[in-house]
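Chain by chain, the residues run as shown.
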Amino acid sequence: MSAHDPAYKLLFSHRELVADLIRGFVREDWVEQLDFDSLQRVKEVAVSHDLREREDDMIWRLRWGERWLYVYLLLEFQSSVDRLMAVRLLIYVGLLYQDLAASGEIPAGSPLPPVLPIVLYNGERPWWARTSLDELIAPDLPEQLRRWQPQMRYLLLDEQRLADTELPGQRNLAAALFRLENSRRPEDIQQVLASLVEWLAAPEQDSLRRTFVVWLKRVLLPARLPATDIPDLIDLQEMHAMLAERVKTWTEEWKQQGLEQGLEQGLEQGIHQGEARVLRRLILRRFGTLPDWAEARIEQASPEQLETWADRVLDGTTLEDVLTPKTDT
């Protein structure tokens, strides 16, 4: 999926989906005190150019008692994990506070409103970066110096690992979206669509129904069935009926395409994972540790680069010497 896919961002411009994301996946007691009827998108005119140009970020707010709670939602669909995500969010939340103060949203003398930073990640590989800025700063600082270091934490929602989350007895649009994204059979999509048709039956939900259809046509189904012609439908009920009618044919196509792609991807991934596993073991035996920066380089390296680095382990005097990409050929 493209990092800037407009259909996906459009889904999270609907307050119902954002509300279900918070209800279902921020599992803390204080969430029960939130007034979801007050949930509203923070207008782009109220934030600076630095925040407006961030196409994958969305800012919402809702009432928590007498105060506003701001929800900074970052949609992260890059193929690689950003080790410094906590640093990025420290900057973004700081800019948000600055803009709120400049626009008069924070009266003089009033405390800053709380912010809930959420990173919604959709990469194939598990998220491994630290979710706390404190864990990125050198651990051997004196306590007196450590107290001056900035603090920042974010809530990570790794979609690939949330797909099978069961929310018994709950109608949750965010959970349905995650299950759709991680569906492996047309029957799985059909089952989730049946729930969405039931949940989004009200006339005022027409816009959200259409957004789901657009996302299904432009993102999900083409990815699952790249060689199949998708009918030009605009209604969620029609999409569900069409899938039910063609499910048997599509299942056979899906299996065949999945087999062909799986063999090719499995071979490539197997080679990469095997090379990476060997390199990690060699580094651990030679240097005794595998810091985050080294893990990040190994994660992003090609099989050829991994092989080159493995050859260097015995001769390199430092881990930096081994994993220096600029001398690779």
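Refer to the structure presented above.
Residues numbered from 1 in each chain as written. Predicted model: local features only at pLDDT ≥ 70, side-chain atom pairs only at ≥ 80, totals over all residues. Heavy atoms only, no water.

## A few points about the environment of Gly65
- For Gly65, the location among the structural elements is in the loop between strand 2 (57-64) and strand 3 (67-76).
- Owing to a relative accessible area of 54%, Gly65 belongs among the exposed residues under this scheme.
- Put simply, Gly65 and Asp35 are 30 residues apart on the chain and 7.8 Å apart in space, counted from C-alpha to C-alpha. (Helix = DSSP H or I, 4+ residues; strand = E, 2+ residues; numbered from the N terminus. Buried < 20%, exposed > 50% of the residue type's maximum accessible area, 1.4 Å probe, protein only.)

## Examining the side chain of Gln205
- Positionally, Gln205 belongs in the loop between helix 8 (186-199) and helix 9 (206-224).
- Side-chain polar atoms of Gln205 contact the side chain of Glu16, separated by 2.8 Å.
- Contact partners of Gln205, with chain neighbours within four places excluded, come to Glu16, Arg171, Trp199 and Leu200. (Polar contact = N/O pair within 3.5 Å; in protein donor to acceptor, adjacent residues only side chain to side chain. Contact = heavy atoms within 4.5 Å.)

## Considering the packing of aromatic side chains
- Following the criterion strictly, the structure yields 6 aromatic pairs and no others.
- Summarising the aromatic geometry, the rings of Tyr8 and Phe12 are spaced 5.4 Å apart at their centres and angled 35° between planes, so their arrangement reads as tilted.
- With centroids separated by 5.8 Å and ring planes inclined at 55°, the aromatic side chains of Trp30 and Trp64 adopt a geometry described as tilted. Of this pair, Trp30 sits in the loop between helix 2 (15-25) and strand 1 (34-41) while Trp64 is found in strand 2, placing the two residues 34 residues apart along the sequence.
- Looking at Trp64, the relative accessible area reads 26%, which means it is partly exposed.
- Clustering of aromatic rings is evident, with ring pairs tying together Tyr8, Phe12 and Trp215.
- Above the face of the Phe36 ring, Arg23 is positioned so that its terminal group lies 4.2 Å from the ring centre.
- The residue whose ring lies beneath Arg61 is Trp68, and the NZ or CZ to ring-centre distance is 3.9 Å. (Phe/Tyr/Trp six-rings, centres within 6.5 Å; stacked < 30°, edge-to-face > 60°. Lys NZ or Arg CZ within 6 Å of the ring centre and 35° of its normal.)

## Here we look at the pattern of salt bridges
- If you walk through the whole model with that rule in mind, you get 11 salt bridges.
- Linked through salt bridges whose partners overlap, the residues forming this network are Glu16, Asp20, Arg23 and Arg171. (Salt bridge = Lys/Arg side-chain N within 4 Å of Asp/Glu carboxyl O.)

## As for the packing of helix 7 (residues 173-181) against helix 9
- At their nearest, the axes of helix 7 and helix 9 sit 11 Å apart, and the two run at 20° to each other. Our classification of the angle between helix 7 and helix 9 gives roughly parallel. The handedness of the crossing between helix 7 and helix 9 is right-handed. On helix 9, the residues that touch Leu173, Leu177, Leu180 and Glu181 of helix 7 are Leu208, Phe212, Trp215, Leu220 and Arg224. (Axes fitted to C-alpha atoms, helices over the stretch in contact; angles between N-to-C directions. Parallel < 35°, antiparallel > 145°, perpendicular 65-115°, else oblique. Left-handed = near helix turned anticlockwise from the far one by under 90°.)

Distances and angles like these do not, on their own, reveal function.
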